[in-house]
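Chain and residue survey
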Amino acid sequence: MIRTLKGPEFARQFALRPQMLAWFLGAGASASAGIPTGYAMITDLKKRLFCQLTGTSLRQVDANDPLWIARINSYLSTRSGLPVPNDPTEYAAAFEAVYPTPEDRRAYIEAAIRKGSPSFAHRVLAALLTTQRVPCVFTTNFDSLIETAATLTDQLVDPAERAHLTVAAIDNAARAQLCMRESRWPLLAKLHGDYQSVELKNTTAELKTQDSQMRQVLSAACARFGLVVVGYSGRDASVMEALTEALAQPKAFPGGLFWVTRRADSLLPAVTQLLEAAVKAGVSVAVVDSQTFDELAADIADDTELPAPLKTHVYQARPNPVVREVPLPTTERRKFPVLQCSALPVLALPTVARRIQVDQPVSTSRARELLREAEVWAIVASAGQELAAFGSDADLDRAFASVGGRVAGSIELHPERDSWARGLLYDALVRALCRRRPLFARLRRKGHSLLVQSGFPDDPPEVVTRRDNQLAELKRAYNAALVGKIPDLDYPFNEGVQIRLESLNGQWWCAFEPFTSVEFPRREADNDGDAEAASGDLTFQVLRQGDPAIDWRRERWVLRRNQAWAQIIAAWARILAGDGSFSLRSLRLEDGVGQDAEFRLSPVTAWSRPGHEHDYFRRGGR
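No experiment lies behind these values; they were computed from the predicted model shown. (Residues numbered from 1 in each chain as written. Predicted model: local features only at pLDDT ≥ 70, side-chain atom pairs only at ≥ 80, totals over all residues. Heavy atoms only, no water.)

**Looking at the overall build of the chain**
A count of helical and extended segments in the chain gives 22 helices and 23 strands. Burial status across the chain gives 46% buried among its 622 residues. Looking at the chain as shown, the accessible area adds up to about 32500 Å², and 50% of this sits on carbon and sulfur atoms. (Helix = DSSP H or I, 4+ residues; strand = E, 2+ residues; numbered from the N terminus. Buried < 20%, exposed > 50% of the residue type's maximum accessible area, 1.4 Å probe, protein only. Areas by Shrake-Rupley, 256 points an atom, 1.4 Å probe, with all protein chains shown as cover.)

**Here we look at the nonpolar core**
Phe 390, Ile 499 and Trp 572 are the most contacted members of the largest nonpolar core, which has 50 residues in total. If you tally residues by element for this core, the top one is helix α17 (residues 419–434), at eleven residues. Counting 40 residues, the second largest nonpolar core, distinct from the first, contains Ala 22, Met 214, Leu 243 and Leu 247. (Core = buried A, V, L, I, M, F, W, Y, C linked by side-chain atoms within 4.5 Å.)

**Topic: the sheet that holds strand β6 (residues 226–230)**
Think of a sheet as strands paired side by side through backbone hydrogen bonds, with each pair either parallel or antiparallel. Sheet architecture is open: eight strands sit in the order β1-β8-β7-β6-β2-β3-β5-β4, paired in parallel fashion. Edge positions in the sheet fall to β1 (3–6) and β4 (166–168), since each has one partner strand and no second. Neighbour-to-neighbour, the strand axes of the sheet open up by a mean angle of 20 degrees, direction not taken into account. Relative to strand β8 (residues 285–289), strand β7 (residues 257–261) runs parallel, the two being bridged by five bridges. Across the sheet, the residue bridging to Phe 258 is Ala 286, located in β8. Along the sheet, helix α7 (residues 145–154) makes contact with β2 (21–25), β3 (136–139), β4 and β5 (187–190), crossing β5 at roughly 165 degrees. (Pairing = 2+ DSSP bridges. Axes fitted to C-alpha atoms, helices over the stretch in contact; angles between N-to-C directions. Contact = heavy atoms within 4.5 Å.)

**Focus on helix α1 (residues 7–16)**
Note that an α-helix has 3.6 residues per turn; residues three or four places apart therefore point the same way. Regarding α1, the residues found buried are Gly 7, Phe 10, Ala 11 and Phe 14. With its buried residues spanning 105 degrees around the axis, α1 presents them on a single face. (Arc of directions from axis to C-beta.)

**Some points on the state of the cysteines**
By definition, a disulfide links the sulfur atoms of two cysteines through a covalent bond. Per the stated rule, a full pass over the model turns up zero disulfides. Here Cys 179 stays free of any disulfide, with the sulfur of Cys 136 as its closest cysteine sulfur at 9.7 Å. (Disulfide = S-S within 2.5 Å.)

**A short note on the pattern of salt bridges**
Going through the model one piece at a time under the given rule, you end up with 24 salt bridges. Close ionic contact of Asp 44 with Arg 48 constitutes a salt bridge, the shortest N to O distance being 2.9 Å. Of this pair, Asp 44 and Arg 48 both sit in helix α2 (residues 38–54), four residues apart, which is roughly one turn of that helix. Arg 585 is the partner of Asp 596 in a salt bridge, and the nearest nitrogen-oxygen pair spans 3.3 Å. Highlighted residues: Asp 596 in the loop between β21 (594–595) and β22 (598–601) and Arg 585 in strand β20 (residues 584–585), separated in sequence by eleven residues. Looking at Arg 585, the relative accessible area reads 21%, which means it is partly exposed. Among the charged side chains, a salt-bridge network with shared partners connects Arg 215, Glu 241 and Glu 245. (Salt bridge = Lys/Arg side-chain N within 4 Å of Asp/Glu carboxyl O.)

**Quick notes on the packing of aromatic side chains**
What characterises a pair of aromatic rings is the spacing of the ring centres plus the angle enclosed by the ring planes. Tallying each qualifying case throughout the model produces 15 aromatic pairs. A ring pair is formed by Phe 50 and Trp 68, whose centres lie 6.1 Å apart and whose planes are at 75 degrees; its orientation type is edge-to-face. Residue Phe 50 is found in helix α2, and its partner Trp 68 is found in helix α3 (residues 66–79); the two are separated by 18 residues along the sequence. We classify Phe 50 as buried; its relative accessible area is 2%. These aromatic residues form a ring-pair network of at least three members: Phe 10, Phe 14, Trp 23, Phe 258 and Phe 293. Looking at Arg 431, its charged tip hangs above the ring of Trp 377, at a distance of 4.5 Å from the centre. It is Arg 560 that lies over the ring of Trp 557; its NZ or CZ is 4.6 Å from the centre. (Phe/Tyr/Trp six-rings, centres within 6.5 Å; stacked < 30°, edge-to-face > 60°. Lys NZ or Arg CZ within 6 Å of the ring centre and 35° of its normal.)

**Quick word on helix α18 (residues 461–478)**
The end-to-end C-alpha distance of α18 is 24 Å, a good match for the 26 Å that 18 residues give at a rise of 1.5 Å each. Leu 471 marks where α18 bends most, by close to 45 degrees. Taken together, the buried positions of α18 are Arg 467, Leu 471, Leu 474, Ala 477 and Tyr 478. For α18, the elements touching its buried residues are β16 (448–452), β18 (492–504), β19 (507–518), α21 (550–558) and α22 (562–577). Asn 479, located one to two residues past α18, shows a positive phi value of around 55 degrees. (Expected span 1.5 Å × (residues − 1). Bend = angle between axes of the 7 residues up to and from the residue.)

**Some details on the confidence of the model for the chain**
Scored by pLDDT, the chain has a mean of 85; 88% of the residues are at 70 or more. Across residues 206–210 the pLDDT falls below 50, and counting only partners more than four positions away or on other chains, this stretch makes 17 contacts in the model. In the predicted structure, residues 525–543 sits below a pLDDT of 50 and forms 31 contacts with residues beyond four places in sequence or in another chain. (pLDDT = per-residue confidence, 0-100.)

**Re the side chain of His 313**
Mapped onto the fold, His 313 is located in helix α14 (residues 308–315). Among residues more than four places away in sequence, those in contact with His 313 are Arg 123, Leu 152, Thr 153 and Leu 156.

**Comments concerning the pairing of β16**
Of all five residues making up β16, five are buried, and the element is well covered by its neighbours. Of the two faces of β16, the one holding His 448, Leu 450 and Val 452 and the one holding Ser 449 and Leu 451 are both buried throughout. Pairing of strand β15 (residues 439–442) with β16 involves four bridges; the strand directions are antiparallel. Across the sheet, Ala 441 pairs through a bridge with Leu 450, a residue of β16. Here β15 hands over to β16 after five residues, with Gly 447 in that stretch at a positive phi of 135 degrees. Inspection of the sheet shows β16 paired to β18 by four bridges, in the antiparallel sense.

**Re unusual backbone geometry**
In this structure, the amide linkage connecting Trp 185 to the following residue, Pro 186, adopts the cis form with an omega of 5 degrees. In this fold, Pro 186 is placed in the loop between α8 (173–182) and β5. One non-glycine residue with positive phi stands out, namely His 164, at about 55 degrees. Within the secondary structure, His 164 sits in the loop between α7 and β4. Residue His 164 is classed as exposed on the basis of its relative accessible area of 53%.

**What to know about the packing of helix α6 (residues 120–130) against α7**
Running from N to C, α6 and α7 point in directions that differ by 60 degrees, and their axes come no closer than 8 Å. Relative to α7, α6 is oriented oblique. Considering the relative orientation of α6 and α7, their crossing is right-handed. For the pair formed by α6 and α7, the contact residues are His 122, Arg 123, Leu 125, Ala 126, Ala 127, Leu 129 and Thr 130 on the first element and Leu 145, Ile 146, Ala 149, Ala 150, Thr 153 and Asp 154 on the second. When grouped by side-chain class, the residues that make up the contact of α6 with α7 number eight nonpolar, three polar and two charged. (Parallel < 35°, antiparallel > 145°, perpendicular 65-115°, else oblique. Left-handed = near helix turned anticlockwise from the far one by under 90°. Nonpolar A, V, L, I, M, F, W, Y, C, P; charged D, E, K, R; others polar.)

Here's what the structure looks like:
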């Protein structure tokens, strides 16, 4: 079984025995330094070959466009003889097809190499080389990033402490053999050559066999150290063969074999076969899950003590974290369309109610009848074999005495799960919103609503003044009477809001929708016993009779566009929630006499704005 380690886990293990591990770097290790990766070079080479074969200008082809990539792959699959995409030999075959001569290939590589400079990861590796923590590094890359970085870190320590990295390529492999034989560390061995070398390995024929001397050096290193492979896909058959042959040595990879990759399931079959063979040979094998060489280097740097000059030098190049704290804007960049939603966050809900045990099941409607008969002001809901209520304990015992009711402690409320609990809180919230406000509740099976009170002729002056003050902002928002009678029809109307208690994304909301309520004359029950019609249910009457006030209502609201709606919603939000500093109680019971329902609402409604920068939303300018 092949283990999988996270970057920090590997870093902690590495810090305990860094001298026991050699490193092997592929093209991916130089990606953050600005050097094209193997995949990027394959894409560029195929683009160039496509343009050569079709006579298309390079400027016309966008290699970052998936449509162009698909077109290129489709064309080359029948006319170029290249391997299929993602084949391990694709890079070498494309290179040889575009640049047949070694001189052209060397020029192409040199142009790519000049684009890079040592990355944060290269600085970390160089600091490990300078402090004698890494004995040797193997690489298939042609760039000079490692030696450049090591030269800089060497200059930051005393001359006696400098590492003096030895660099060997395929044209001076004897130097690498001498270092291995005499343990002259640290060593950098370039398996495919240096960009300044006369010999480079990048075509199929050149990569088919590894230089015998460099192969011996790699094999000897695998017998003395473990190996950390970073940024290497395993495409070169010669390298993979050399690593596989190294397993035949006694005690191969004594420090373990660690293959760093973005995803364990993305490894090529050749890599998986090598790791499985290593496990069978008794090698400690692990796949290290790390997105980039920089990310892995950051984990290693955090677990490694470096001299102060080296630490400062290394961390100067550390990339900024993807997620980091940023200062909040203090000024508005530009105006943008904002929609004010008619929903108030519910900051606090009752969590318990009184539990009432009864001798027989009682429905919610029957329980309400018992409250009315006993003239008890309370809120109740049936919870199966028992009742849940808000009210005075003595009043509740008295109201439900006829059914053997008795208060028996508390019952927890879970409105997200139990519909009866949600209904109880819904009723209690509407009652709480009416208290000490010029509003009255209209409770219906199909939805509760709050309507503006018109008051009474004999109201004391202080009551009239308080009501006028409370409704002043709402009157300005409507710019019309809040209560009255419809001209010609003489039906009373009241402005109001329909109330809903809703849960969204883990947050409870008091949603409200402004509307104009019209009170129609009640009908007598017909001969068939139409009790619902006689009850005054507005929805039923409108369905049966039609709505005679529909045109008046439409004309009243048609000119209330966004700005008017925003003012109406804001005014209702302040009436319902106040300033958010106090709680809303349904019954206003004295402490200790029973269970009240207490809510707290935020006066700040939900808001919405466009999630993109479309030109449509810039019509008003910045």
